[in-house]
Amino acid sequence: MNEKNILLCVSGGIAVYKAADLTSKLVQSGFSVKVIMSSSAVKFVAPLTFQALSRNEVHTDTFTENDPSVIAHIDLADWADLVLVVPATANMIGKLANGIADDMISTTLLATTAPVWIAPAMNVHMYNHPAVQKNIQTLLEFGVRMIEPGSGYLACGYTGKGRLEEPAVILEKVKAFFSPGNSVLKNRTVLITAGPTKERLDPVRYFTNRSSGKMGYALAEQAALMGANVILISGTDILPDPKNVTCIHVESAEDMYQEVMKHADAADIIIKSAAVADYRPKQVLDSKMKKSADQIIVELEKTTDILFELGKRKKHQFIIGFAAETNHVDEYAKEKLKRKNADMIVANNVTLKGAGFEGDTNIVTIYHKDGTAKELPLMSKTDTAKEILREAALKLGERKT
Ligand code: CTP
């Protein structure tokens, strides 16, 4: 971790003392750490503590420019490989979500192009306030990663969600982020389907759905970064093809079915994140349908259920299905897991804010065949993809042993 630079932004709350512990842990793990403290943070712990632990100058004021050869906040923003806001107060979250740059931390946060992670810590009611939740949602949409606060006793006397994640856990996440051990899917072939399908009615019309394909593309991108050989069968042309991924573009459920079956035998993991149409027009017209009657009836017929077929023919493959539901999520997900003979179902309630189709975030629960379930919090689709792939890699690994 020697060459990795962590910029630790400490905003003001009682959890500042934990940020001191984190600084020490990061330095001991070989990271270079520089610290910026807000004017509130210095009321809890003196900058000297962070200076001694990081062995670097601590910045507290945008206008204290000790080195005339650089502009401090730009220099720090450029220096960082990763920016951590620990603890992230409601105020600092609000500033970043709204582009406010009125102190050293907020100015640097806008100036950096490095990944930014926030670890919120505050009173449970503050954390649950719609304004704070809205700001967190905005940050997730900007690509900021959140280290969820834990639940438990809070310094304000309340018990609930709002406790800063433990420094040891934050350290592990930072290490994992930089670790080449991300190659957990090395030598694995991962087949992923994404996006909607389009079911033609005539040469100019088709039936489709609201799926954006973003979840499937995030899975393909992350699987490739984890070292897998990735084949993406996509029903959308809107998103750019992910790097180091073999992309096959299809239109209808039938095209998708044919392509999936061609590649299924070679796959170790198959992820059916596509929103495949369940029905298609029974008759596809060769020429454009002309307007005549006041009402028309289009007869639809069932498409092939690709996941069901995969489940039926499954040999060695680890098969993951998706279930986008509007109600009875738990019940439907478990039912699909069984009926389609999948190994895992990723379910989400698409009516929840942050879990919809077109957005960049998701809230999913992962259901395993052994009856266990893992509920993930609101996360970017990228982080959701990482979690899904890690779970699959883990289960595959367990199978081998
Ligand atoms: N699926 C599929 N082929 C289809 C329909 C669905 O492979 N023709 C897959 C989806 O890609 C998803 C899973 O099955 O991984 C669940 O899709 P969903 O539409 O939720 O399930 P259905 O069986 O169609 O059930 P329903 O629409 O009644 O909820």
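In what follows, the structure referred to is the one given above.
All values derive from a computational prediction rather than experimental measurement.

The rules behind the values
Every residue gets a number counted from 1 within its own chain, in the order that chain's sequence is written. Given that this is a predicted model, residues contribute local features only at a pLDDT of at least 70 and side-chain atom pairs are listed and counted only at 80 or more, while totals for whole chains, interfaces and linings are drawn from all residues. For the side-chain quantities, the full set of heavy atoms in the structure was used; hydrogens and water were omitted. Labels follow the DSSP assignment, with helices taken as runs of H or I lasting at least four residues and strands as runs of E lasting at least two, numbered in each case from the N terminus. Any Lys or Arg side-chain nitrogen found within 4 Å of a carboxyl oxygen on Asp or Glu counts as a salt bridge. Note on exposure labels: buried denotes an accessible area under 20% of the residue type's maximum, exposed denotes more than 50%, and partly exposed covers the range between, all computed with a 1.4 Å probe on protein chains only. Only residues above 30% relative accessible area that lack a salt bridge enter a patch, with like-charged residues linked at up to 9 Å and the nonpolar side chains Val, Leu, Ile, Met, Phe, Trp and Tyr linked at up to 5 Å. Accessible surface is estimated by sampling points in the Shrake-Rupley manner with a 1.4 Å probe; for residues, cover comes only from the protein chains shown. Here the positive residues are Lys and Arg and the negative ones are Asp and Glu; neither His nor the chain ends is included. Throughout, a charge is located at the NZ atom of Lys, the CZ atom of Arg, the CG atom of Asp or the CD atom of Glu. For helices, the fitted axis covers only the stretch in contact; all axes are lines through C-alpha atoms, and the angles between them, taken along N-to-C directions, range from 0 to 180 degrees. Angular relationships are summarised with four words: roughly parallel below 35 degrees, roughly antiparallel beyond 145, roughly perpendicular across 65 to 115, and oblique for the angles in between. Left-handed describes a crossing whose near helix is turned anticlockwise from the far helix by less than a right angle; the clockwise case is right-handed. Two residues qualify as a contact provided that any one of their heavy atoms is within 4.5 Å of a heavy atom in the partner residue. For this classification, Asp, Glu, Lys and Arg are treated as charged, while Ala, Val, Leu, Ile, Met, Phe, Trp, Tyr, Cys and Pro are nonpolar and the rest, including Gly, are polar. In short, DSSP must find at least two bridges between two strands for them to pair. When we say a residue is near a molecule or strand, we mean one of its heavy atoms is within 4 Å of it. Within 3.5 Å is the distance limit for a polar contact, defined as a pair of N or O atoms, with the added protein rule that one can donate a hydrogen and the other accept it, and that residues adjacent in sequence qualify only through two side-chain atoms.

**Q** Teacher, can you tell me more about the environment of D78 here?
**A** Mapped onto the fold, D78 is located in helix α3 (residues 72–79). Separated by 94 residues in the primary sequence, D78 and E172 have C-alpha atoms spaced 24 Å apart.

**Q** Is there a simple way to think about the pattern of salt bridges in this case?
**A** Close approach of charged atoms lets side chains of opposite charge pair. This model, assessed by the stated rule, comprises 30 salt bridges. Across the pair K95 and D102 runs a salt bridge whose closest N-O atoms are separated by 2.7 Å. Taking relative accessible area as the criterion, K95 reaches 9% and is therefore assigned buried. Three or more residues are tied together by salt bridges with common partners; here these are K374, E387, R390 and E391.

**Q** It is not clear to me how a negative patch on the surface should be interpreted in this structure. Could you clarify?
**A** A contiguous patch of negative charge, built from E57, D61, E65, D67, D75 and D78, is present on the exposed surface. In this fold, D61 is placed in the loop between β3 (58–59) and α3. Overall, D61 belongs to the partly exposed group, its relative accessible area being 33%.

**Q** Looking at this structure, how should I read the packing of helix α4 (residues 90–97) against helix α7 (residues 130–142)?
**A** When two helices pack together, their arrangement is given by the angle between their axes and by how far apart the axes lie. Two elements in contact, α4 and α7, have axes whose closest approach is 9 Å; the angle formed by their N-to-C orientations is 50°. Between α4 and α7, the interaxial angle falls into the category oblique. At the point where α4 passes α7, the crossing takes the left-handed sense. Contacts from A90, I93, G94, L96 and A97 in α4 reach V132, N135, I136, T138, L139 and F142 in α7. In the contact of α4 with α7, the residues fall into eight nonpolar, three polar and no charged.

**Q** Please clarify how the sheet that holds strand β18 (residues 344–349) should be interpreted in this entry.
**A** Sheet strands pair by backbone hydrogen bonding; their relative direction is either parallel or antiparallel. The strand order across the open sheet formed by eight strands is β13-β12-β9-β14-β17-β18-β20-β21, and the pairing between neighbours is mixed. The open sheet has two edge strands with one neighbour each: β13 (245–249) and β21 (373–375). Across the sheet, the mean angle separating the axes of adjacent strands is 15° when strand polarity is ignored. As paired strands, strand β17 (residues 318–325) and β18 are joined by six bridges and run parallel to one another. Its bridge partner being in β18, E325 is matched across the sheet by N349. Lying over the sheet, helix α10 (residues 253–264) contacts β9 (189–194), β12 (229–234), β13 and β14 (269–272), oriented at roughly 175° with respect to β9. In this fold helix α11 (residues 306–313) packs onto β14 and β17, with an angle of close to 155° to the strand it touches most, β17.

**Q** Please explain the site of the ligand as it appears in this structure.
**A** Near the ligand you find 15 residues, and of these K272, A274, L307, K336 and K340 are the closest. The contact in question runs from an oxygen atom of the ligand to an N or O atom on the backbone of A274, over 2.8 Å. Within the contact set of the ligand, a nitrogen atom lies 3.5 Å away from a side-chain nitrogen or oxygen of D305. For the ligand, whose accessible area on its own is 570 Å², the fraction buried by protein is 78%. Secondary structure elements with two or more residues in the shell around the ligand: α11, β17 and α12 (329–339). Of the residues that constitute the shell around the ligand, the class distribution is six nonpolar, three polar and six charged.

**Q** Please clarify how the side chain of T107 should be interpreted in this entry.
**A** Take T107: it is sitting in helix α5 (residues 104–111). A polar contact of 2.4 Å, which involves the side chain of T107, links it to the backbone oxygen of D103. Sequence-distant contacts of T107, that is, excluding residues within four places in its chain, are made with T62, H73, A101 and D102.

**Q** Explanation requested: the pairing of strand β4 (residues 82–88) in the structure shown.
**A** Every other side chain in a regular strand lies on the same face of the sheet, so the side chains alternate between the two faces. Burial analysis of β4 places seven of its seven residues in the buried class, the great majority of the element. Going residue by residue along β4, you find L82, L84, V86 and A88 tucked away on one face and V83, V85 and P87 tucked away on the opposite face as well. In terms of strand pairing, β4 meets strand β5 (residues 116–120) through four bridges, oriented parallel. Counterpart to A88 in the pairing with β5 is P120.

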